Amino acid sequence: MIITAMFRAPLSRRRCIQALALGGLARRAGAQGRITIRLSHVVARQTPKGLALERFGELVRARSQGRIDVVVYPNSLLFGDADEMQALQLGAVDMLAPSLSKFGRLGFPEFELFDLPFLFETRTQVYRAMQGRLGQALLAGLARQRMVGLGYLDNGFKHMSANRPLAVPHDFAGLHMRVQGSRVIAHQMRALGARPVVLDFGETRRALAMGVVDGTENPISNFWTQRMHEVQTHLSLTHHGYLGYAVVVHQRFWAHLAGPDRQLVAAALEEALAWGNAIARSENEQALATLRESGGIHIHDPSAAQRQQLRAATAEVYQGLERRIGRQWLEQVQQEWITG
Ligand code: LMR
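Throughout what follows, the structure given in this document is the object of discussion. The structure presented is a predicted model; accordingly, all values stated were derived computationally and were not measured.

Definitions and cut-offs
Residues numbered from 1 in each chain as written. Predicted model: local features only at pLDDT ≥ 70, side-chain atom pairs only at ≥ 80, totals over all residues. Heavy atoms only, no water. Helix = DSSP H or I, 4+ residues; strand = E, 2+ residues; numbered from the N terminus. Contact = heavy atoms within 4.5 Å. Buried < 20%, exposed > 50% of the residue type's maximum accessible area, 1.4 Å probe, protein only. Near = heavy atom within 4 Å. Polar contact = N/O pair within 3.5 Å; in protein donor to acceptor, adjacent residues only side chain to side chain. Areas by Shrake-Rupley, 256 points an atom, 1.4 Å probe, with all protein chains shown as cover. Nonpolar A, V, L, I, M, F, W, Y, C, P; charged D, E, K, R; others polar. Axes fitted to C-alpha atoms, helices over the stretch in contact; angles between N-to-C directions. Parallel < 35°, antiparallel > 145°, perpendicular 65-115°, else oblique. Arc of directions from axis to C-beta. Pairing = 2+ DSSP bridges. Right-handed = clockwise from strand over helix to strand, strands pointing away. Core = buried A, V, L, I, M, F, W, Y, C linked by side-chain atoms within 4.5 Å. Salt bridge = Lys/Arg side-chain N within 4 Å of Asp/Glu carboxyl O. Phe/Tyr/Trp six-rings, centres within 6.5 Å; stacked < 30°, edge-to-face > 60°.

**Focus on the environment of Phe-56**
- Position of Phe-56 relative to the elements: it lies in helix H2 (residues 48-63).
- Through-space distance from the C-alpha of Phe-56 to that of Glu-271 is 7.7 Å; in sequence the pair is 215 residues apart.
- Setting aside anything within four residues of it in sequence, one finds Phe-56 in contact with Leu-39, Val-70, Met-95, Val-265, Ala-268, Leu-269 and Ala-272.

See below:
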């Protein structure tokens, strides 16, 4: 059972109407062909995703001579996990870049392939899966809910944090661990003996500080920029799972753009995502180095034997996902991941 403690009410009808009205105003204000693209995400600006999406806005403004503007709302300022997808469907926001882990509960369980513990060891393996037939098939499937998948963005590998070291399965016994809304990740935590608690990313730090949850998992760039090291005493570099993003728009928005504008936006996004992928490793490495220098948290590096115990304890998650999405997806990711 996944405990879901949603601190934020779903997008209220009032907010929807306000945002839609705002959106309409923004579009009407563009009578001279001016366009404003509203982009919302849940992480800090100084992260691979935050920086890449800011870069995207700069490229669009420069290449359209300012006629097309991109307004980026970081850190869940406009919408958070609980309401961003609804906002996209309603036209209250134009573009999102959610974690791949957040598509499963929207009706796209095949995206949880990327959540499988210990499936990927290197970014190269992930890129092969993303850029190959598998990744393109996943994005194409978003059309089932009238979304257009425009590309992927990397944020590297996740590690575990709590107020104790987490190096082997019995370290997790009884812990309430904040997770994204992914059944694979929830199963992973249960397989380790912990209790998964689904929470908005924007509520995670407060929940850790209040003791609502005991620990969590994320890449270091998120851990550092959300100042989680101030409310957790131990970070264990488990490198147990991957975290990446898909940039999405609604078909209605994408069709509304004139052809040349759509090409300009797509080309700018492709360049910004490539730039973001290139900095993802260094941003996470820099965050870890800063954490080490700060001395504010115990950082553990589990041994290969300890990681093997974590891998063995979570192997059952693969069968669970296979029962939900079918074997062909797992065979394809293994095939693309190995042959590339
Ligand atoms: C999380 O919710 O932990 C992450 O998806 C946040 C993000 O978008 O990196």
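**Re unusual backbone geometry**
- Even without being glycine, Ser-76 reaches a positive phi, approximately 65 degrees.
- Relative to the helices and strands, Ser-76 is located in the loop between strand S3 (68-73) and helix H3 (84-90).
- Phi at Arg-146 is positive, roughly 60 degrees, even though this residue is not glycine.
- Inspection of the secondary structure puts Arg-146 in the loop between helix H5 (133-141) and strand S5 (147-162).
- Note on Arg-146: relative accessible area 42%, which makes it partly exposed.

**Comments concerning the site of the ligand**
- Around the ligand, the neighbouring residues are Val-42, Val-43, Lys-49, Ser-99, Lys-102, Arg-178, Gln-180, Phe-201, Asn-218, Asn-222, Leu-243 and Tyr-245.
- The side chain of Lys-49 places a nitrogen or oxygen atom 2.7 Å from an oxygen atom of the ligand.
- At 2.9 Å, a side-chain N or O of Asn-222 approaches an oxygen atom of the ligand.
- Protein chains bury 100% of the 270 Å² of accessible surface belonging to the ligand in isolation.
- Tallied by class, residues from the shell around the ligand come to five nonpolar, four polar and three charged.

**Brief notes about the packing of helix H4 (residues 123-131) against H5**
- Across the interface, H4 lies against H5 with an axial gap of 3 Å and an inter-helix angle of 55 degrees. As judged from the angle between their axes, H4 and H5 are oblique. The segment H4 lies against H5, with Ala-129, Met-130 and Gln-131 engaging Arg-133, Leu-134, Gly-135 and Gln-136.
- Taken together, the residues of the contact of H4 with H5 sort by class into three nonpolar, three polar and one charged.

**Overview of helix H7 (residues 201-210)**
- Along H7, the residues that are buried comprise Phe-201, Glu-203, Thr-204, Ala-207 and Leu-208. Buried residues of H7, viewed axially, fall in a sector of 140 degrees; they line one side.
- Buried positions along H7 lie against strand S6 (176-179), strand S8 (215-218) and helix H8 (220-225).
- Gly-211 lies just past H7 and shows a positive phi near 80 degrees.

**Here we look at the pairing of strand S2 (residues 35-40)**
- Counting buried residues in S2 gives five out of six residues, a clear majority hidden from the surface.
- As paired elements, S2 and S3 share six bridges and run parallel to each other. The partner of Thr-36 across the bridge, within S3, is Asp-69.
- Traced from S2 through H2 to S3, the parallel crossover comes out right-handed.

**Quick notes on the side chain of Gln-188**
- Tracing the sequence through the fold places Gln-188 in helix H6 (residues 183-191).
- Accessibility expressed as a relative area gives 1% for Gln-188, which makes it buried.

**Some thoughts on the nonpolar core**
- With 38 residues, the main nonpolar core has Leu-113, Phe-114, Leu-116 and Phe-120 as its most contacted residues.
- Listed by contribution, the elements that provide at least two residues to this core are H3, H4, H5, S5, strand S9 (234-250), helix H12 (316-325) and helix H13 (327-339).
- Per-element accounting of this core gives the leading share, four residues, to H12.
- When sequence neighbours within four positions are dropped, the list of residues in contact with Leu-113 reads Leu-119, Leu-134, Leu-321, Ile-325, Trp-329, Leu-330 and Val-333.
- With 27 residues, the next largest nonpolar core counts Val-70, Met-95, Leu-153 and Leu-243 among its residues.

**A closer look at the pairing of S5**
- The element S5 is extensively covered by neighbouring structure, given that 14 of its 16 residues are classed as buried.
- Here 12 bridges tie S5 to S9, and the two strands are oriented antiparallel to one another. Residue pairing for S9: Ala-162 is matched across the bridge by His-234.
- Relative to S8, S5 runs antiparallel, the two being bridged by three bridges. The residue bridging His-159 from the neighbouring strand is Asn-218, located in S8.

**Side note on the pattern of salt bridges**
- Within the structure shown, the criterion is met by 18 salt bridges.
- As a salt-bridge pair, Arg-63 and Glu-271 come within 2.4 Å of each other at their nearest N and O atoms. Linking Arg-63 in helix H2 with Glu-271 in helix H10 (residues 259-294), this pair joins segments that are 208 residues apart in sequence.
- Take Glu-271: its relative accessible area is 36%, and that puts it in the partly exposed class.
- Several salt bridges share partner residues, and in doing so they unite Asp-81, Lys-102 and Arg-178 into one network.

**With respect to the packing of aromatic side chains**
- According to the stated counting rule, one finds seven aromatic pairs in the structure shown.
- Between the aromatic rings of Phe-114 and Tyr-242, the centroid separation amounts to 6.4 Å while the plane-to-plane angle is 45 degrees, which identifies the pairing as tilted. Here Tyr-242 lies in strand S9 and Phe-114 lies in the loop between strand S4 (95-96) and H4, a separation of 128 residues in the sequence. This pair shows no difference in class: Phe-114 is buried, exactly as Tyr-242 is.

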